[in-house]
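# Fold and geometry: a report
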Amino acid sequence: MKISEALEERNVPDVLSPFGKRITTKEEFESVKPAIKKLLAEEEYGYIPPKPDRIDVEDLPIDYHEERFAGGAAKLSKHKLTAYFGDESASFVFSSAIPAVCGEKMPIFININFGDEIPHKYQPTEEITDNGCAVFTIYYEDVSSDNGDFENGCAKLLCKDRSHPHAPGKIAIWAWSIMRVIDYIETLDIYNPDAIAVIGHSRLGKTTLLTAAYDERVKFACANNSGCSGDAITRGKDGERIADITKNFPFWFCPNYLKYAGREDELPFDQHYLLALIAPRHILVGTAEQDTWADPDSEYLALALTDEVYKLYGSTGLIHTDGIPGCPVRLAEGDAYYHKREGVHYLARKDWLSYIEYIKSKL
Ligand code: GCU
């Protein structure tokens, strides 16, 4: 099926005419980016909390077994980050695994993950460091719980007034924590501004995209199976819809987003606007054939529609044919990347290794 056929009847807004006038240059696109950011903040995710006055990072003890991690081929550490706003502060813990020998073009991942174990089913740490990459890991619920309780963790300080229509949801708060870990990485000897990659699976893939859209320090955004309200076009989407996501997880978003349940057509944007904020930096979309809840075709369409923005910057975007790809497929020639692998919703080793190979090819 052709892309145009797949888009027929979806009535997706044109990212090059986000406010009426058609955009034809990268300068014009840069000039509308703040308004697109405002739109997404006010209608979907809420405003990401501001940068703190300062951060402190304290090293925490790790146990003897962790010290021997990877037989000495990588150094594992745990840290506690405290962000200060005047006299108030909020803290969370993160870990790092850094190869004993760091290459000059070493990818530096920040993985916002579903657990704090190292390794974890979604983070094959030893394979990552053996492949010459550093990985910093945030356990997302250490930042704030994955529910409607805004009184715990960093949410208590960062989102006091949930009654405001643009108040940040949990996705915005998790994104804020990634930005703080990047603040820390910037102070390290290994820091390379070209090599910062954020990765997350599913709800944390949505978090990854939001972070990259609002923080230009992210050069590679790896959104794994992020689907609804992440990397998938919302209009005409299969599987999960706004009505489902806002019923089950209203706290991921700003209160304003709830009004679009069953009314996708009234959204003044679609998810490719979020991706367009990341271009011309690298977007890596990973999908799974049986992940129909996320809808791999709608994920593909969002990325393909972002191409026009990449082109404004003289970049290739996703190199693809005019069709919806079958499975398996790996499109890794352009400045944007897409894969569809066999199987179900999961962040597999295969996904990691594919992202790593692509990132290395671009460094
Ligand atoms: C649910 C939710 C998805 C989300 C997923 C996950 O299935 O509906 O939107 O991506 O959880 O985070 O695992």
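Residues numbered from 1 in each chain as written. Predicted model: local features only at pLDDT ≥ 70, side-chain atom pairs only at ≥ 80, totals over all residues. Heavy atoms only, no water.

### Structural notes on the site of the ligand
Around the ligand, the surrounding shell consists of Ser202, Arg203, Lys206, Glu240, Ile245, Phe249, Trp252, Trp293 and His345. Contact between the ligand and arginine 203: an oxygen atom at 2.5 Å from a side-chain N or O atom of the residue. Grouping the constituent residues of the shell around the ligand by class yields four nonpolar, two polar and three charged. (Near = heavy atom within 4 Å. Polar contact = N/O pair within 3.5 Å; in protein donor to acceptor, adjacent residues only side chain to side chain. Nonpolar A, V, L, I, M, F, W, Y, C, P; charged D, E, K, R; others polar.)

### Re the sheet that holds strand 3 (residues 88-99)
Spatial strand order, 1-2-3-5-4-6-7-8-10-9: 10 strands in an open sheet with mixed pairing. Strands with a single pairing partner mark the edges of an open sheet, and in this sheet they are strand 1 (54-60) and strand 9 (329-331). Strand after strand, the sheet turns through a mean of 20 degrees between neighbouring axes, direction not considered. As paired elements, strand 6 (residues 196-201) and strand 7 (residues 220-224) share five bridges and run parallel to each other. Along strand 7, the bridge assignment pairs histidine 201 with asparagine 224. Lying over the sheet, helix 11 (residues 296-312) contacts strand 8 (282-288), strand 9 and strand 10 (337-341), oriented at roughly 165 degrees with respect to strand 8. (Pairing = 2+ DSSP bridges. Helix = DSSP H or I, 4+ residues; strand = E, 2+ residues; numbered from the N terminus. Axes fitted to C-alpha atoms, helices over the stretch in contact; angles between N-to-C directions. Contact = heavy atoms within 4.5 Å.)

### Quick notes on the layout of surface pockets
One number sums up the size of the largest pocket: a volume of about 270 Å³. Lining the largest pocket are 15 residues; nearest its centre among them are Lys75, Ser77, His79, Ser96 and Ile98. When contributions to the lining of the largest pocket are tallied by element, the ones reaching two or more residues are strand 1, strand 2 (74-85) and strand 3. The element contributing the most residues to the lining of the largest pocket is strand 2, with six residues. Counted by class, the lining of the largest pocket contains eight nonpolar, three polar and four charged residues. When its volume is computed, the second largest pocket comes out at roughly 190 Å³. Lining the second largest pocket are 17 residues, with Ser202, Arg203, Lys206, Trp293 and His345 sitting closest to its centre. (1 Å grid on protein atoms, 1.4 Å probe; cavity = no way out; pocket = protein on both sides within 12 Å on 5 of 7 lines; lining within 4 Å. Points joined across faces, edges and corners; volume = space filled by probe spheres on them.)

### What about the pairing of strand 4 (residues 108-113)?
Successive side chains on a regular strand alternate, one facing one side of the sheet and the next facing the other. Among the six residues of strand 4, six are classified as buried, and the element is accordingly described as predominantly covered. Burial along strand 4 is two-sided: Ile108, Ile110 and Ile112 facing one way and Phe109, Asn111 and Asn113 facing the other are all buried. Since strand 4 and strand 5 (residues 134-139) lie parallel, the crossover through helix 4 (residues 125-130) that links them has a hand, and here it is right-handed. Relative to strand 6, strand 4 runs parallel, the two being bridged by five bridges. Looking at strand 6, one finds that phenylalanine 109 is bridged to alanine 197. (Buried < 20%, exposed > 50% of the residue type's maximum accessible area, 1.4 Å probe, protein only. Right-handed = clockwise from strand over helix to strand, strands pointing away.)

### Quick word on the side chain of glutamine 123
Summarising the element assignment, glutamine 123 is placed in the loop between strand 4 and helix 4. Within polar-contact distance, the side chain of glutamine 123 engages the side chain of asparagine 111 at 2.9 Å. Separated by 2.7 Å, the side chains of glutamine 123 and threonine 137 make a polar contact. Residues contacting glutamine 123, with those up to four places away along its chain left out, are Asn111, Asn113, Ile118, Ile128, Val135, Thr137 and Trp352.

### Regarding the environment of proline 107
Of note, proline 107 is situated in the loop between strand 3 and strand 4. For proline 107, a relative accessible area of 1% corresponds to the buried category. Taking the C-alpha atoms as reference points, proline 107 and alanine 261, separated by 154 residues in sequence, lie 39 Å from one another. In this structure proline 107 touches Gly132, Cys133, Ala134, Ala195, Ile359, Lys360 and Leu363, once residues within four positions along its chain are discounted.

### Regarding the state of the cysteines
Tallying each qualifying case throughout the model produces zero disulfides. In this structure cysteine 159 is a free cysteine whose sulfur lies 10 Å from that of cysteine 254, the closest cysteine sulfur available. Cysteine 222 forms no disulfide, and the closest cysteine sulfur to it belongs to cysteine 133, at a distance of 10 Å. Since its relative accessible area comes to 0%, cysteine 222 is described here as buried. (Disulfide = S-S within 2.5 Å.)

### Topic: a negative patch on the surface
Where like charges cluster on the molecular surface, the negative patch consists of Glu5, Glu8, Glu9 and Asp322. Within the secondary structure, glutamate 5 is located in helix 1 (residues 3-7). Residue classification places glutamate 5 among the partly exposed residues on the basis of a relative accessible area of 43%. (Patch = residues over 30% accessible without salt bridge, like charges linked within 9 Å, V, L, I, M, F, W, Y side chains within 5 Å. Areas by Shrake-Rupley, 256 points an atom, 1.4 Å probe, with all protein chains shown as cover. Salt bridge = Lys/Arg side-chain N within 4 Å of Asp/Glu carboxyl O. Lys, Arg positive; Asp, Glu negative; His and termini not counted. Charge placed at Lys NZ, Arg CZ, Asp CG, Glu CD.)

Geometric descriptors of this kind do not, in isolation, establish any biological role.
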